[in-house]
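Single-letter residue listing:
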Amino acid sequence: MASSNARHAARQDQVLTGLIGRHIGASRSPWLHEREAEAQGLMLTYKLFDFAAIGADESHLAAQLDAVEGAGYAGVNVTYPYKQAVIAHLDELSGEAARVGAVNTVKFRDGRRLGYNTDVTGFTESMRTGLPDAALGRVLQIGAGGGGAATAQALLELGVGTLIVCDRDTARAAALARRLRDGFGAERASDVDDPLSAIAGVDGIVNATPMGMAATPQAPIDTSKLTPRHWVADIVYFPIETELLRAARARGCATLDGSGMAVYQAAAAFEIFTGRRAERPRMLRSFIEYAGAAAPRREISENPAADYS
């Protein structure tokens, strides 16, 4: 067995990062972060902490953060459904994370936990590159959770005139719309209980829910209501072509898949973890390579200290 000094040296020589969430075994994040680090000559390991796989729930979040921090991690990403719950366990939020009310990146530094939200910049870059000419008068967003809070912020910063928010949890949709009105103005956001009531009057639709993934592959709306004048964006990236996007393309809509947001938010998180600039075109190529090569699923970790002992 390696000595404690050797283990300490190994940790100093590499950056340890990871992802906390549920049902994340197919995540592309390890591939994106590790390939970019390799291209830069940096030793980086990215672990998955899937609470569904280890039979844990939100009550395990504090212990998991303690474990990774104690194991010398530079930080971790946080995904569904813990982007809002994690805030209670942090010492400080970036301005973006505070405005959104959700965190997807935690940096451990000098005994403090700093929370960031790179989903906002990720979705913003994706929209600017993937749908640069999209009409932004009125937009319907399905989903008001942690991911939805970030895409809503991005959409209004991009210039959407009015964002209409809908969620199965109507109280959550109302709370997000209220937060957006407080930040951007009374006319900039509203909420509805029935998304079909709003589709005819909007320019675009954004899916900010997990619907479309393997566990819930159906579209979040009745796609027969879509017309060629609509644009449709999805934050789901596995699979790349969700049922929503497939149906939208068939009806003549311009579409945006979740790959751009996934890559751009990962690039920003990589920079927070490592202090190095990420090359976004290279990370996009890595993402495409992953999809084509079917890179292997990652093992799930529960005890990060054991991984490096």
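About the criteria used
- Residues numbered from 1 in each chain as written.
- Predicted model: local features only at pLDDT ≥ 70, side-chain atom pairs only at ≥ 80, totals over all residues.
- Heavy atoms only, no water.
- Helix = DSSP H or I, 4+ residues; strand = E, 2+ residues; numbered from the N terminus.
- Rg over C-alpha atoms; globule rule 2.2 N^0.38 Å.
- Buried < 20%, exposed > 50% of the residue type's maximum accessible area, 1.4 Å probe, protein only.
- Contact = heavy atoms within 4.5 Å.
- Areas by Shrake-Rupley, 256 points an atom, 1.4 Å probe, with all protein chains shown as cover.
- Lys, Arg positive; Asp, Glu negative; His and termini not counted.
- Charge placed at Lys NZ, Arg CZ, Asp CG, Glu CD.
- Pairing = 2+ DSSP bridges.
- Right-handed = clockwise from strand over helix to strand, strands pointing away.
- Axes fitted to C-alpha atoms, helices over the stretch in contact; angles between N-to-C directions.
- Parallel < 35°, antiparallel > 145°, perpendicular 65-115°, else oblique.
- Left-handed = near helix turned anticlockwise from the far one by under 90°.
- Expected span 1.5 Å × (residues − 1).
- Arc of directions from axis to C-beta.

A. Focus on the overall build of the protein. Each helix and strand counted, the protein has 12 helices and 12 strands in total. A globule of 309 residues ought to have a C-alpha radius of gyration of about 19 Å, and the protein, at 19 Å, matches this closely. Principal-axis analysis of the C-alpha atoms gives the protein an extent of 65 × 40 × 35 Å. Per-residue burial for the protein yields a buried fraction of 52% across its 309 residues. Pairs at least 24 residues apart make up 70% of the contacts formed inside the protein by residues separated by at least 6 positions. Total accessible area computed for the protein in this model is approximately 13200 Å², and 49% of it derives from carbon and sulfur atoms. Positive and negative charge centroids in the protein, built from 32 and 36 side chains respectively, lie 2 Å apart.

B. Representation of the pairing of strand 7 (residues 138-142). Within strand 7, 4 of the 5 residues are buried, leaving the element largely enclosed by the surrounding structure. Taken together, the 5 bridges between strand 7 and strand 8 (residues 162-166) define a ladder with parallel strand orientation. Looking across to strand 8, one finds that Q141 is bridged to V165. In this view, the connection linking strand 7 to its parallel neighbour strand 8 by way of helix 6 (residues 146-158) has right-handed handedness. Looking at chain direction, strand 7 and strand 10 (residues 204-207) are connected through 4 bridges and run parallel. The residue bridging L140 from the neighbouring strand is I205, located in strand 10.

C. How the structure looks around the sheet that holds strand 12 (residues 254-256). Spatially, 6 strands are ordered 9-8-7-10-11-12 in an open sheet, and the strand pairing comes out parallel. Two strands close off the open sheet at either side, each with one partner strand: strand 9 (189-191) and strand 12. Taken over all neighbouring pairs, the strand axes of this sheet differ in orientation by 20° on average, direction set aside. Here strand 10 runs beside strand 11 (residues 231-234); their pairing, made up of 4 bridges, is parallel. If you follow G204 over to strand 11, its bridge partner there is W231.

D. The packing of helix 6 against helix 7 (residues 170-184), seen in detail. Where helix 6 contacts helix 7, the axes come no closer than 11 Å and their chain directions differ by 30°. Between helix 6 and helix 7, the interaxial angle falls into the category roughly parallel. Like other packed secondary-structure pairs, helix 6 and helix 7 cross with a definite hand, here right-handed. Residue-level contacts link G148, A149, A152, Q153, L156 and E157 of helix 6 to L176, L180 and F184 of helix 7.

E. Broad picture of helix 7. Helix length check: helix 7 (15 residues) gives 21 Å between terminal C-alpha atoms against 21 Å at 1.5 Å per residue, within 8%. For helix 7, the full list of buried residues reads A173, A174, L176, A177 and L180. Across the axial projection of helix 7, the buried residues extend over an arc of 165°, all falling on one side. Among the exposed residues of helix 7, those pointing more than 90 degrees away from its buried face are A171, D182 and G183. Those residues of helix 7 that are buried are in contact with strand 7, helix 6, strand 8 and strand 9. One or two residues past the end of helix 7 sits G185, with phi positive at roughly 120°.

F. Quick look at unusual backbone geometry. With an omega of 5°, the peptide bond between Y80 and P81 qualifies as cis. Considering the arrangement of structural elements, one finds P81 in the loop between strand 3 (75-78) and strand 4 (92-93). With omega at 10°, the peptide bond leading from F238 into P239 counts as cis. Tracing the backbone through its elements, the reader meets P239 in the loop between strand 11 and helix 9 (243-250). The residue H23 is not glycine, and still its phi comes out positive at about 55°. Locating H23 in the fold gives a position in the loop between strand 1 (15-21) and helix 2 (29-39). Located in the positive-phi region is D110, a residue other than glycine, with phi close to 55°. Note on placement: D110 falls in the loop between strand 5 (105-109) and strand 6 (112-116). Assessed through its relative accessible area of 76%, D110 is described here as exposed.

So far we have only geometry, and geometry alone does not tell us how the molecule works.
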